[in-house]
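# What the coordinates show
Letter by letter, the chains look like this.
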Amino acid sequence: MVSWTFIKENYFMIGYAITLLISLATYRKYYDTALKYFPIIITYTFFNEVLGFLVRNYDDISFFKNLKYSNVNEVIYNIYAIIFFGFFFQVYWFIIDNKKYKKWIVTGAVIAFLAYAISLLYQNPIETNLFYAIALSAWVLVLCTVLYFKNMLRQGHKFYQAYNLMFWVSIALFIFHLVFPVLFVIGYTNYDIWAKYELKSVLKVFIVIMYTLFIIGFLKGRRMAFR
């Protein structure tokens, strides 16, 4: 039976599950667009969090036989980050038609993935999150959202597009990933500040905000409004 403590500490996971259900219920709106694999990413996010929780809290569930790493789950988040950011880099490259912006996205993606490779020289991906590379990837994603909005305005469209799923997804990604890298890096480099200001709780609130905006997009989005 799921305990109240679990729900209280991991309420954002409920947001993942609700978003997934709504994304599937509204799938006909975007099944042949650049976001057609988005429900898979949401599913992956949900199960990755569940697996991470189980490994972190139950000694019987572990990726490694070595007791030193019995409760270590960072490796799954490092893999997840590469897949998550790679997915959205591809989405924005596909949607944006400006050739200069496309080159910037490719350049940003290459720099981000090189950061992962360089981080492996200084950090053990099993013992810790590759937080510098992840933070850089997040800001590259922010750049992608900005380029998307600039591209829309260049095409003569209004900024606010209530019935465009991609608009809501981009707003959600922009808000979360503008703040996330700062909180994330602080969590790994200055734990005292992380604990003192309860930044973990702040991060969870931003997760809820992001997924709430995803839900709004799925519900309000119209097929012909997608760009």
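The structure reproduced in this document is the subject of the present report. (Residues numbered from 1 in each chain as written. Predicted model: local features only at pLDDT ≥ 70, side-chain atom pairs only at ≥ 80, totals over all residues. Heavy atoms only, no water.)

### A closer look at the overall build of the protein
- If you tally the helices and strands in the protein, you get 9 helices and 0 strands.
- Starting at the N terminus, the α and β elements of the protein follow one another as α-α-α-α-α-α-α-α-α.
- For the protein, buried positions account for 48% of its 227 residues.
- A fraction of 71% describes how many contacts in the protein between residues 6 or more apart in sequence connect residues 24 or more apart.
- Summed over all atoms, the accessible surface of the protein reaches about 12400 Å², with 68% contributed by carbon and sulfur. (Helix = DSSP H or I, 4+ residues; strand = E, 2+ residues; numbered from the N terminus. Buried < 20%, exposed > 50% of the residue type's maximum accessible area, 1.4 Å probe, protein only. Contact = heavy atoms within 4.5 Å. Areas by Shrake-Rupley, 256 points an atom, 1.4 Å probe, with all protein chains shown as cover.)

### Brief notes about empty space enclosed by the protein
- Applying the stated rule across the entire model yields 1 cavity of 30 Å³ or more.
- Taken together, 11 residues line the largest cavity, and the ones lying closest to its centre are Lys29, Tyr30, Leu165, Gly221 and Arg222.
- Tallied by class, the residues present in the lining of the largest cavity amount to 5 nonpolar, 3 polar and 3 charged. (1 Å grid on protein atoms, 1.4 Å probe; cavity = no way out; pocket = protein on both sides within 12 Å on 5 of 7 lines; lining within 4 Å. Points joined across faces, edges and corners; volume = space filled by probe spheres on them. Nonpolar A, V, L, I, M, F, W, Y, C, P; charged D, E, K, R; others polar.)

### Section: the packing of aromatic side chains
- All told, the structure shown has 33 aromatic pairs when counted by the stated rule.
- Ring centres 5.2 Å apart and planes at 75 degrees place the aromatic pair Phe46 and Phe47 in the edge-to-face group.
- Where Phe159 meets Phe167, the ring centres are 5.7 Å apart and the plane angle is 85 degrees; that geometry is what we call edge-to-face.
- Judged by relative accessible area, which is 41%, Phe159 ranks as partly exposed.
- In this structure Phe167 comes out as buried when scored by relative accessible area, which is 4%.
- Over the face of the ring belonging to Trp93 we find Lys102, whose NZ or CZ atom lies 3.8 Å from the ring centre. (Phe/Tyr/Trp six-rings, centres within 6.5 Å; stacked < 30°, edge-to-face > 60°. Lys NZ or Arg CZ within 6 Å of the ring centre and 35° of its normal.)

### A closer look at the nonpolar core
- If you look at the biggest cluster of nonpolar residues, it comprises 63 residues, and the most contacted ones within it are Leu35, Phe38, Phe88 and Tyr92.
- Looking at this core element by element, the count peaks at 12 residues for helix α7 (residues 165-189).
- If we skip the residues at most four places from it in the chain, Phe38 touches Phe87, Phe88, Val169, Phe214 and Phe218. (Core = buried A, V, L, I, M, F, W, Y, C linked by side-chain atoms within 4.5 Å.)

### Digging into a nonpolar patch on the surface
- A surface patch of nonpolar side chains, about 570 Å² in accessible area, is lined by Ile7, Tyr11, Ile14, Ile18, Ile175, Val205, Val208 and Ile209.
- For the nonpolar patch, the element with the most residues is helix α9 (residues 199-220), which contributes 3 residues.
- For Val208, the location among the structural elements is in helix α9.
- Residue Val208 is classed as partly exposed on the basis of its relative accessible area, which comes to 32%. (Patch = residues over 30% accessible without salt bridge, like charges linked within 9 Å, V, L, I, M, F, W, Y side chains within 5 Å. Salt bridge = Lys/Arg side-chain N within 4 Å of Asp/Glu carboxyl O.)

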